[in-house]
Amino acid sequence: MLPATHCAQPERLRLLSALTAERRLDFWSLPSMVKLTFIQPDGASQSVEADTGATVMEAAKQNDVPGIDAECGGACACATCHVYVDAAWVDKVGTPDPMEEDMLDFAFDVRKESRLSCQIKITDALDGITFRVPEKQF
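The notes below deal with the structure included here. Computed from a predicted structure; not experimentally measured.

### As for the overall build of the protein
Alright, step 1. Scanning the protein from N- to C-terminus turns up 5 helices and 5 strands.
Alright, step 2. Written out in order from the N terminus, the α and β elements of the protein read α-α-β-β-α-β-α-α-β-β.
Alright, step 3. Expressed as a percentage of its 138 residues, the buried residues of the protein come to 36%.
Alright, step 4. Within the protein, contacts between residues separated by at least 24 positions form 63% of all contacts whose residues are at least 6 apart in sequence.
Alright, step 5. Counting only carbon and sulfur atoms, one obtains 55% of the accessible surface of the protein, whose full area is about 8800 Å².

Below is the structure:
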């Protein structure tokens, strides 16, 4: 008669194999990095690398971009992460949803290219995008 632990070995191997396959998938699906550039009102620029899947606001906060305060932490409940999307990128970023439009009413100097950076998800298509930080956020 075989010990009870021996009978469990095939199940352990199946679980180990499943975990290994899952980790391989996770490894291959790691977020890629894209370049974002923030231009300050005085013309100074700061380029940062950011993970796809994050928001522009998260990238700005992680890299200490001046003027992006994000007081609500990305909940679309304030307008302290207001940015201007460079005109060449407006179509790739898309338009604000109604909730974001309502919050933009609280921002200063809103323009057609205004967005809340907490509402812009970073994708590979945004690699090289430029944002301008409004002067009134200082």
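### Quick look at unusual backbone geometry
Alright, step 1. Although it is not a glycine, aspartate 64 sits at a positive phi angle of roughly 55°.
Alright, step 2. Structurally, the position occupied by aspartate 64 is in the loop between helix H3 (56-62) and strand S3 (82-85).
Alright, step 3. For aspartate 109, which is not a glycine, the phi torsion comes out positive at approximately 50°.
Alright, step 4. Among the secondary structure elements, aspartate 109 is positioned in the loop between helix H5 (98-104) and strand S4 (114-116).
Alright, step 5. Aspartate 109 gets classed as partly exposed once you look at its relative accessible area, which sits at 45%.

### Side note on the nonpolar core
Alright, step 1. Core analysis: the biggest nonpolar cluster contains 31 residues, and Leu36, Phe38, Ile68, Leu116, Ile122, Ile129 and Phe131 have the highest contact counts within it.
Alright, step 2. Contributions of two or more residues to this core are made by strand S1 (33-39), strand S2 (45-51), H3, S3, H5 and strand S5 (129-132).
Alright, step 3. Sequence-distant contacts of phenylalanine 131, defined by excluding residues within four places in its chain, comprise Leu36, Thr37, Phe38, Ile39, Val56, Val83, Tyr84, Val85 and Ile120.

### Points about the packing of aromatic side chains
Alright, step 1. Applying the stated criterion across every chain, the model contains 1 aromatic pair.
Alright, step 2. An angle of 25° between the planes, with centres 5.6 Å apart, marks the rings of phenylalanine 38 and phenylalanine 131 as stacked. Here phenylalanine 131 lies in strand S5 and phenylalanine 38 lies in strand S1, a separation of 93 residues in the sequence.
Alright, step 3. The ring of tyrosine 84 has arginine 111 sitting right over it, with the charged end atom 4.0 Å from the ring centre.
Alright, step 4. Between lysine 136 and the ring centre of phenylalanine 108, over which it is positioned, the NZ or CZ distance is 5.7 Å.

### Things to note about the sheet that holds S1
Alright, step 1. Here 5 strands make up an open sheet; going across it, the order is S2-S1-S5-S3-S4 and the pairing mixed. Both edges of this open sheet fall to S2 and S4, since each of them pairs with a single strand only. Pairs of neighbouring strands in the sheet enclose a mean axial angle of 40°, with direction left out of account.
Alright, step 2. Bridge count between S3 and S5: 2 bridges; the pairing is antiparallel. For tyrosine 84, the partnering residue across the bridge sits in S5 and is arginine 132.

### Looking at the environment of alanine 107
Alright, step 1. Tracing the backbone shows alanine 107 in the loop between H5 and S4.
Alright, step 2. Note: C-alpha distance between alanine 107 and alanine 79 (28 residues apart in sequence) is 5.3 Å.
Alright, step 3. Not counting the four nearest positions on each side in its chain, alanine 107 is found in contact with Ala79 and His82.

### Digging into the pattern of salt bridges
Alright, step 1. If you walk through the whole model with that rule in mind, you get 2 salt bridges.
Alright, step 2. In this structure, glutamate 100 engages arginine 115 in a salt bridge whose closest nitrogen and oxygen atoms are separated by 2.7 Å. Of this pair, glutamate 100 sits in helix H5 while arginine 115 sits in strand S4, and the two are 15 residues apart along the sequence. Each of the two residues, glutamate 100 as well as arginine 115, counts as buried.
Alright, step 3. With a closest N to O distance of 2.9 Å, aspartate 109 and arginine 111 form a salt bridge.

What counts and what doesn't
- Residues numbered from 1 in each chain as written.
- Predicted model: local features only at pLDDT ≥ 70, side-chain atom pairs only at ≥ 80, totals over all residues.
- Heavy atoms only, no water.
- Helix = DSSP H or I, 4+ residues; strand = E, 2+ residues; numbered from the N terminus.
- Buried < 20%, exposed > 50% of the residue type's maximum accessible area, 1.4 Å probe, protein only.
- Contact = heavy atoms within 4.5 Å.
- Areas by Shrake-Rupley, 256 points an atom, 1.4 Å probe, with all protein chains shown as cover.
- Core = buried A, V, L, I, M, F, W, Y, C linked by side-chain atoms within 4.5 Å.
- Phe/Tyr/Trp six-rings, centres within 6.5 Å; stacked < 30°, edge-to-face > 60°.
- Lys NZ or Arg CZ within 6 Å of the ring centre and 35° of its normal.
- Pairing = 2+ DSSP bridges.
- Axes fitted to C-alpha atoms, helices over the stretch in contact; angles between N-to-C directions.
- Salt bridge = Lys/Arg side-chain N within 4 Å of Asp/Glu carboxyl O.

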